[in-house]
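Report on the structure
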Amino acid sequence: MSRAKIYLRNLTANWVGYGLNLVIMFAMSPFVVHQLGDEKYGVWSLMVTMTGYLGLVEIGTRGGLGRFINYYLGRDEFDNLNGTINTGLVIFLVIGVILLVASAVLIFVLGNLFPKIPPEILPDARIILGLIALNVWFSFFNAVFRQIITAFERFELVNLADLLVLVVRSGSTVVALLYGYDLLALGIIHTSAGLLGLLTVYVMAMKIYPRLTLDLSLASRAHFKELFGFSAWAFVGNLSYRLLYSADNIVIGILLGPKWLTYYSIGGMLLYRSREFISQAANIFAPKMIQDCATDNLQSLQSKFLRGSNLTMGVSILLYVGMLVFGREFIILWMGETFEISYTILAILTASSFLPAAFQVGVPVYAGMNRVKLSAMLVLSQGLANLGLTLFLVMTLNMGIEGVAWGSFYPRIIWSIASGLIIMRMIELEKISFLKNLMSWILLASSFFLMCVSVNGLFVEPSWLNFAVKIAIVTALYFPLCWLFLLRGTEKQYVFVFCKKKFS
């Protein structure tokens, strides 16, 4: 199968899988929020955020596995590949004990750490924290087998496993809430679904990689040192990402209370889900880019970076401009007028997300070239700037959840530019090549924004039907704009030939 067809297959699998996830999430969110209430939903969001921090106990091992599994596969060193996998499993077995101890400490001090959690909810919150911590442990092992599957570029299998977990978790959640269960039931369902996901990817990995040997005696000190040398800085990077993307929830939970976390989460959720959708496009290039780094194939890296950034920006402009123009109406229709403040959060965070999307496809280069220390320091400095500015805006200027959003805005813009320039330097890409893409993106975004504003003025009365019609119109009109501003001559020719074969 040609490289283009592999990318198309993987991109289709990622988007179909994530699209189904998105539909179910949007359908369920109002149901879950209204069934639980603002306070309980805010506590649930806070507990999920806390367990994300518990995941840091894996000290970046997942990042190291992602690098070395692809690295050794690219070099056809299967003994080293099996050694790396089993060493990772041993590490995860050991740190599972640390994870459980850390979660026990957090459970004990939870009431003191978050005094704004209502006393009647606190006992359930403690149990949920323990359950989701157990699910985090499952996710460590899950990551090993997912890395194997994606290293062989079988993204459709990973998405199939995710879809199975999604259906089971969502269906069980609906049944539980309808029968009057609440937070505790959600914790049990969440953890059980995580175990199901682990078993599913294990079976798939064994099938896709017949040479896989699970024997903990294959773990070695050499592979541990190799993983730890990489993972120590990957851990710093993971911690920094938590500062960057989860510290907002912690700040709101401590200083403002769970209710405000619900309003912030609804706005942030739309952007988070859109960002994940864009990641599905960028991720299809990651395994091969790391393998190109292993063989010093700079020409291939440059080509993938330019094509990949064009793809991610094509998707980003459609989603982000659409959210800026239509986001307020969507949130009011989706959650109700009381959540209109969530649009302000969405708009601020969305405006800061265009530049990161432009460089996202190049992030695997840090791992492939073993420059994870540099990557970690960049993200750490951004995370600290984000946290410091957020605390100043909330505590000194009393800007509330809007201050939290603005605290993310400025560091994200500045550090995205710095990271992008570093990536281009590492792959020796001439800046003029990127600037040509940048001009195309600006023209595309400006044209699409004007189009969205014009279409939005056609239907003033808010309703789901009018909203759907507007989205259908602008989406249909977006593709000719992409053809005009985004695609190069060779890409247009490929699309023309592909469509001719499919429809002739």
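Just so it is clear, the model here is predicted, and its values are computed rather than measured. Residue numbers run consecutively from 1 along every chain, following the written order of its sequence. At least 70 in pLDDT is required for a residue's local features to be given in this predicted model, at least 80 for side-chain atom pairs to be given and counted, and no such filter applies to totals for whole chains, interfaces and linings, which use all residues. The side-chain figures draw on all heavy atoms in the structure; neither hydrogens nor water molecules are used.

1. Digging into the overall build of the protein
What the protein contains, in helices and strands, is 20 helices and zero strands. Each residue gets one of three labels from its accessible area relative to the maximum for its type: buried under 20%, exposed over 50%, partly exposed in between, using a 1.4 Å probe on protein chains only. Within the protein, buried positions represent 52% of all 504 residues. Taking all contacts inside the protein whose residues are at least 6 apart in sequence as the whole, residues at least 24 apart take part in 84%. Note that accessible areas follow from Shrake-Rupley with a 1.4 Å probe, and for residues the cover is restricted to the protein chains shown. In the form shown here, the protein has an accessible surface area of approximately 22,300 Å², with 67% of it arising from carbon and sulfur atoms. Helix and strand assignments come from DSSP, with helices taken as H or I runs of at least 4 residues and strands as E runs of at least 2, each series counted from the N terminus. We call two residues contacting when some pair of their heavy atoms lies within 4.5 Å.

2. A short note on the nonpolar core
Grouping buried Ala, Val, Leu, Ile, Met, Phe, Trp, Tyr and Cys residues that are joined through side-chain atoms within 4.5 Å yields what is termed a nonpolar core. Ranked by internal contacts, the top residues of the largest apolar core, which has 130 residues, are Met-47, Ile-85, Ile-117, Ile-148, Phe-305, Ile-317 and Phe-448. The dominant element in this core, judged by the number of residues it contributes, is helix α5 (residues 122–151), at 16 residues. The contacts of Ile-148, once residues within four sequence positions are left out, are Ile-69, Ile-85, Ala-205, Ile-208, Tyr-209 and Leu-212.

3. A short note on the packing of aromatic side chains
Pairs were defined over the aromatic rings of Phe, Tyr and Trp, the Trp ring being its six-membered one, requiring ring centres within 6.5 Å. Orientation was assigned from the angle between planes: stacked under 30 degrees, edge-to-face over 60, tilted for the rest. Considering all chains together, one arrives at 23 aromatic pairs under this definition. Residues Trp-464 and Phe-467 carry aromatic rings whose centres are separated by 5.9 Å and whose planes lie at 90° to one another, so their mutual orientation is edge-to-face. Here Trp-464 and its partner Phe-467 are both found in helix α19 (residues 464–485), three residues apart, which amounts to about one turn of the helix. Note on Trp-464: relative accessible area 42%, which makes it partly exposed. One aromatic cluster is present, formed by Phe-326, Phe-330, Trp-334, Trp-464 and Phe-467 through successive ring pairs. Counting as a charge over the ring demands two things of the Lys NZ or Arg CZ atom: a distance within 6 Å of the ring centre and an angle within 35 degrees of the ring normal. Note that Arg-211 overlies the ring of Phe-78, its terminal NZ or CZ placed 4.1 Å from the centroid.

4. Regarding the packing of helix α12 (residues 298–335) against α19
Angles shown run from 0 to 180 degrees and are taken between the N-to-C directions of axes, each axis being a line fitted to C-alpha atoms and, for helices, limited to the stretch in contact. Two elements in contact, α12 and α19, have axes separated by 11 Å at closest approach and are oriented at 170°. With respect to α19, the axis of α12 lies roughly antiparallel. Along the contact surface, α12 presents Met-313, Gly-314, Ile-317, Leu-318, Phe-326, Glu-329, Phe-330, Leu-333 and Trp-334, while α19 presents Trp-464, Phe-467, Lys-470, Ile-471, Val-474, Thr-475 and Tyr-478. For the contact of α12 with α19, the residue count by class is 12 nonpolar, two polar and two charged. Reported orientations rely on four angle classes, namely roughly parallel under 35 degrees, roughly antiparallel over 145, roughly perpendicular from 65 to 115, and oblique for the rest. All residues other than Ala, Val, Leu, Ile, Met, Phe, Trp, Tyr, Cys, Pro, Asp, Glu, Lys and Arg, Gly among them, are scored as polar; the first ten of these are nonpolar and the last four charged.

5. Things to note about the environment of Ile-95
Of note, Ile-95 is situated in helix α4 (residues 78–113). For the pair Ile-95 and Trp-137, spaced 42 residues apart in sequence, the C-alpha separation works out to 8.7 Å.

6. Re unusual backbone geometry
Phi at Asp-296 takes a positive value of approximately 55°, unusual for a residue other than glycine. Examined against the element boundaries, Asp-296 turns out to sit in the loop between α11 (286–294) and α12. One non-glycine residue, Glu-428, lies in the positive phi region at around 60°. When you line up the elements, Glu-428 lands in the loop between α17 (400–426) and α18 (431–456).

7. Digging into the pattern of salt bridges
When a carboxyl oxygen of Asp or Glu is within 4 Å of a side-chain nitrogen of Lys or Arg, the pair counts as a salt bridge. Evaluation of the coordinates by the stated rule reveals five salt bridges. The closest approach of N and O atoms between Arg-154 and Glu-156, which form a salt bridge, is 2.4 Å. Salt-bridge contacts for Asp-292 lead to Lys-304; the nearest nitrogen and oxygen are separated by 2.9 Å. Residue Asp-292 is located in helix α11, and its partner Lys-304 is located in helix α12; the two are separated by 12 residues in the primary sequence.

8. Quick word on a nonpolar patch on the surface
Together, Val-175, Leu-178, Tyr-179 and Tyr-181 give the surface a local cluster of nonpolar side chains, amounting to about 510 Å² of exposed area. Residue placement: Val-175 occurs in helix α6 (residues 155–178). Only residues whose relative accessible area exceeds 30% and that take part in no salt bridge are eligible for patches, with like-charged residues grouped when within 9 Å of each other and nonpolar side chains (Val, Leu, Ile, Met, Phe, Trp, Tyr) grouped when within 5 Å.

9. Focus on helix α13 (residues 341–351)
Counted residue by residue, α13 has eight buried out of 11 residues, so it is predominantly covered. For α13, the full list of buried residues reads Ser-342, Tyr-343, Ile-345, Leu-346, Ala-347, Ile-348, Leu-349 and Thr-350. Looking at the packing, one finds that the buried side of α13 touches α10 (258–283), α12, α14 (354–359) and α17.

10. Observations concerning the confidence of the model for the protein
Scored between 0 and 100, pLDDT is the confidence that the predictor attaches to each residue. On average, residues of the protein score 82 in pLDDT, and 88% of them are at 70 or above. For the protein, the element scoring lowest by mean pLDDT is helix α20 (residues 489–503), at 56; α18 scores highest, at 91.

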